[in-house]
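Chain residues, written in single-letter form:
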Amino acid sequence: MIEIKCRKIVGGKAKGQVLITTQPLNMLSMIDNVSGVIKDEKHELFKKTLKNKILIFPNSVGSSVGAYAFYSLKVNGVNPLAIICTHKCDTITASGCAISDIPLVDNLNFKTELMIENGTEIFLDADNEKIVINKV
Amino acid sequence: MDLTKEEENALNGKYGSGLEKAYKILEAIGKANNATKFIPIKWAHISGVNFNTIGEAGVKFLKDLDKNTSVSVTTTLNPMGYDSRLDNDLSANFKEKQRDIINSYTQLGVNPTFTCIPYEIFDLPKEGNVSFAESNAAVFSNSILGIKTNKESAISALASALTGKVPYSDLLIDEMRKPRIKIKLETKVESETDYGLLGYFAGKTINENSVGIEKIKDLNLMNGKALSAGLGTSGMCGMFSIKNHNNAELISFGKEEMNKTREELDTAEKGELIVFGSPQLGHTELDNLSKITKDKTFKKKCMIFCPRIVSESVRNREIILKLQKAGAEIICDACTCLTPLITRDNYDSIVTNSIKCAYYMKKSNKIDVALKDMRTIVTEYCE
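Residues numbered from 1 in each chain as written. Chains lettered and ligands numbered in written order. Predicted model: local features only at pLDDT ≥ 70, side-chain atom pairs only at ≥ 80, totals over all residues. Heavy atoms only, no water.

S.K.: Before we go on, may I ask you to explain the overall build of chain B in this structure?
M.R.: If you tally the helices and strands in chain B, you get 15 helices and 14 strands. Scaling as 2.2 N^0.38, a compact globule of 383 residues should have a C-alpha radius of gyration of about 21 Å, and chain B matches this with 21 Å. Considered along the principal axes of its C-alpha atoms, chain B spans approximately 65 × 55 × 35 Å. Of all 383 residues assigned to chain B, the portion counted as buried reaches 63%. When contacts within chain B are restricted to residue pairs at least 6 apart in sequence, those whose partners lie at least 24 apart make up 80%. Counting every atom, chain B has about 15,900 Å² of accessible surface; 45% of that belongs to carbon and sulfur. If the 51 positive side-chain charges of chain B are averaged to one point and the 50 negative ones to another, these points end up 1 Å apart. (Helix = DSSP H or I, 4+ residues; strand = E, 2+ residues; numbered from the N terminus. Rg over C-alpha atoms; globule rule 2.2 N^0.38 Å. Buried < 20%, exposed > 50% of the residue type's maximum accessible area, 1.4 Å probe, protein only. Contact = heavy atoms within 4.5 Å. Areas by Shrake-Rupley, 256 points an atom, 1.4 Å probe, with all protein chains shown as cover. Lys, Arg positive; Asp, Glu negative; His and termini not counted. Charge placed at Lys NZ, Arg CZ, Asp CG, Glu CD.)

S.K.: Teacher, can you tell me more about the overall build of chain A here?
M.R.: The number of helices and strands found in chain A is 4 helices and 10 strands. Order of helices (α) and strands (β) in chain A, N terminus to C terminus: β-β-β-α-β-β-β-α-β-α-β-α-β-β. Expected size for 136 residues packed as a compact globule is a radius of gyration near 14 Å; at 13 Å, chain A falls within 12% of this value. If you line up chain A on its principal axes, its C-alpha atoms span 35 × 25 × 25 Å. Looking at the 136 residues of chain A, the share that counts as buried comes to 54%. Across chain A, every contact between residues at least 6 apart in sequence was considered, and the portion connecting residues at least 24 apart equals 69%. Total accessible area computed for chain A in this model is approximately 5,900 Å², and 49% of it derives from carbon and sulfur atoms. Each charge sign in chain A was given a centre, from 16 positive and 14 negative side chains, and these centres are 2 Å apart.

S.K.: What should I look at first to understand the pairing of strand 3 (residues 74-77) of chain B in this one?
M.R.: Residue and element names in this part refer to chain B. Where strand 2 (residues 43-46) and strand 3 come together, 4 bridges link them in parallel fashion. Paired with Ala-44 across the two strands is Thr-75, which belongs to strand 3. With helix 3 (residues 51-64) bridging strand 2 and the parallel strand 3, this β-α-β connection has right-handed handedness. (Pairing = 2+ DSSP bridges. Right-handed = clockwise from strand over helix to strand, strands pointing away.)

S.K.: What am I meant to see in helix 2 (residues 17-32) of chain B here?
M.R.: A turn of α-helix holds 3.6 residues, and therefore any two residues three or four places apart point the same way. Look at helix 2 of chain B: 22 Å from first C-alpha to last across 16 residues, which is about the 22 Å you get at 1.5 Å a residue. In the segment just after helix 2 of chain B, Asn-34 of chain B is the residue with positive phi, at about 60°. (Expected span 1.5 Å × (residues − 1).)

S.K.: Before we go on, may I ask you to explain helix 7 (residues 154-163) of chain B in this structure?
M.R.: All names here are of chain B. When you tally the buried positions in helix 7, you get 10 out of 10 residues, the bulk of the element. Where helix 7 is concerned, the buried positions are Ala-154, Ile-155, Ser-156, Ala-157, Leu-158, Ala-159, Ser-160, Ala-161, Leu-162 and Thr-163. Once helix 7 ends, the next one or two residues include Gly-164, with phi positive near 75°.

S.K.: Teacher, can you tell me more about the side chain of Asn-107 of chain A here?
M.R.: Structurally, the position occupied by Asn-107 of chain A is in the loop between strand 8 (104-106) and helix 4 (112-115). Of the polar contacts made by the side chain of Asn-107 of chain A, one reaches the backbone oxygen of Lys-5 of chain A; its length is 2.2 Å. (Polar contact = N/O pair within 3.5 Å; in protein donor to acceptor, adjacent residues only side chain to side chain.)

S.K.: Is there a simple way to explain the interface of chain A and chain B in this structure?
M.R.: Interface size is commonly expressed as the accessible surface area that is lost when the partners come together. Chain A puts 20 residues into the contact, and the matching count from chain B is 20 residues. Around 1,800 Å² of area is buried between chain A and chain B when both sides are counted, 64% of it from carbon and sulfur atoms. For the chain A face of the interface with chain B, the top three residues by lost area are Tyr-68, Tyr-71 and Ile-99 of chain A, together amounting to 33%. Summed over the shared surface of chain A and chain B, the number is 2 salt bridges. Among the ionic pairs, Asp-101 of chain A bridges to Lys-21 of chain B, the shortest N-O distance being 4.0 Å. Connecting chain A to chain B are 7 residue pairs in polar contact (both at pLDDT 80 or more). At the level of elements, strand 2 (7-10), helix 2 (67-75) and helix 3 (91-100) of chain A are the ones that each hand at least two residues to the side of chain A that touches chain B. Class assignment for the residues of the side of chain A that touches chain B results in 11 nonpolar, 4 polar and 5 charged. (Buried area = accessible area lost by both parts, 1.4 Å probe. Salt bridge = Lys/Arg side-chain N within 4 Å of Asp/Glu carboxyl O. Nonpolar A, V, L, I, M, F, W, Y, C, P; charged D, E, K, R; others polar.)

S.K.: Got a minute to help me understand the nonpolar core in this structure?
M.R.: Within soluble globular proteins, side chains that are nonpolar tend to cluster in buried spots. All names here are of chain B. Grouped together as the largest cluster of nonpolar side chains are 119 residues, with contacts concentrated most on Ile-183 and Ile-342. Per element, the largest residue contribution to this core is 8 residues, and it comes from helix 2. Core analysis: the second largest hydrophobic core is formed by 27 residues, Leu-286, Cys-302, Leu-323 and Ile-330 among them. (Core = buried A, V, L, I, M, F, W, Y, C linked by side-chain atoms within 4.5 Å.)

S.K.: What is the right way to read the packing of helix 2 of chain A against helix 3 of chain A from this model?
M.R.: If you want to describe how two helices pack, look at the angle between their axes and the distance between the axes. All names here are of chain A. One way to put it is that helix 2 packs onto helix 3 with a least axis distance of 7 Å and a crossing angle of 35°. Read as a crossing pair, helix 2 and helix 3 show a hand that is right-handed. Residues Ala-67, Tyr-68, Phe-70, Tyr-71 and Lys-74 of helix 2 touch helix 3, and the partners they reach there are Ile-92, Thr-93, Ser-95, Gly-96, Cys-97, Ile-99 and Ser-100. Here the residues of the contact of helix 2 with helix 3 are counted per class, giving 7 nonpolar, 4 polar and 1 charged. (Axes fitted to C-alpha atoms, helices over the stretch in contact; angles between N-to-C directions. Left-handed = near helix turned anticlockwise from the far one by under 90°.)

S.K.: So what exactly am I meant to see when it comes to the pattern of salt bridges here?
M.R.: All names here are of chain B. Applying the stated criterion to the full structure yields 29 salt bridges over all chains. Residue Lys-225 pairs with Glu-285 through a salt bridge whose shortest N-O separation is 2.4 Å. Placement of the pair is Lys-225 in helix 9 (residues 221-234) and Glu-285 in helix 11 (residues 283-293), with a sequence separation of 60 residues. Residues Lys-225 and Glu-285 agree in their burial class; the two are buried. One salt-bridge network, held together by shared partners, links Asp-83, Arg-85, Arg-308, Glu-312 and Asp-333.

S.K.: Where do I start with the packing of helix 3 of chain B against helix 4 (residues 92-107) of chain B in this structure?
M.R.: Residue and element names in this part refer to chain B. One can describe the packing of helix 3 onto helix 4 by two numbers: an axis separation of 10 Å at closest approach and a directional angle of 55°. Classified by the angle between their axes, helix 3 and helix 4 sit oblique to one another. Here helix 3 and helix 4 pass one another in a crossing that is left-handed. Touching Phe-51, Asn-52, Ile-54, Glu-56, Val-59, Leu-62 and Lys-63 of helix 3 are Asn-93, Phe-94, Lys-97, Gln-98, Asp-100, Ile-101, Ser-104 and Tyr-105, all from helix 4. Class assignment for the residues of the contact of helix 3 with helix 4 results in 7 nonpolar, 4 polar and 4 charged. (Parallel < 35°, antiparallel > 145°, perpendicular 65-115°, else oblique.)

Below, the structure is given as structure tokens:
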């Protein structure tokens, strides 16, 4: 078991499988917010769903209105359980998760691609600023 | 973040779910931007009004907000999608959603001003901190008026309007307002369109809070507005400074950079429709335009976007009548960004002097743009 420190942006706890990418996401243009599926065929998460996953990605890009896309995902019941930014958390993701009650942390020293692959189960405790990985 | 007892209580829901949500938003943004505390603001200006901008999710979010809460500082509102007093063929759904958005904001005590140029219309605070979501207004305020704001979003400015607070970060901190990079002007920048291109280049090239610009001594309102709007459109930069900054790293803006920037935005030879606006035109630009047109008329359909308070003021009556006589249509309460009033179905190309209009017409409305300054447009498109 490994425990990693992180920085809380929006509080809460979540346990689930990770969906991981090193590519940023444009929430407005790359996600189908009815199904939660990534619809941009150039993105490495193409056809994967955010629903019930803990999303690990660098950050969001694009218009600040992208924050409302997180709210759509939540309203449609296809939101990620929690989000970990591997770069400095951006304001789109921060405000999007805040209005949608999605736990959010960032961790700048998280060499995610070395430690975790898609489907790994983790526990994120944003309130206590820690990420627990059971199997590495 | 270091919160006061009252902020802590609000965050924990003691004063209702509206304030709780607002503080939650500001806390998240504050943390992301390394703020250590909240500070008070004197004014908020909210974007995210046009249904084309915020969509169904925005409508739902605003509807879901606790309406027992209300804004705690003077709050003004950006343009919406259309002019409700003019005929248009927009769908019933668009109009209904647009009305829902307006109702949500007005129930919170927001003034339905529908303008993106609050600095030309209202007595803004002379100093201190504000929360401005409209990018051209944020840049203009920081750079020309000297009031401080970060380049806020629809959501953060709304949260700040409700709480009267903003996270203390970035451009609110004096040290962060000093540019580390400045533009070295190596070509002539003359018309408002040139100033817009300069701003667009600076915003696109420099990922900093603030940018210095050399060799500009005096900026008139029209050029200052164009520079602010260009800068606000293309990147994260929320301020320019024309003061002398000796230690800043230099980036050149010469003929080549100017032409390359123009090529990106100037994609048509001619426009089928003349568009003025984005930012909306105020008294000075309307006056300029009416003087340049003299007694000529527009050869093509011409749309002028301006705030209702400007178009209906007694001071501008003659100017507006003259422009209408020249064939221009005056559109209030709306602006060109993501407007449903100019679509690819109706027009393949437009001509405008605005960099911001050109950018959104091409990117969102998929319409080609001929980019020319106001004087050239009048020369070529009036008779």
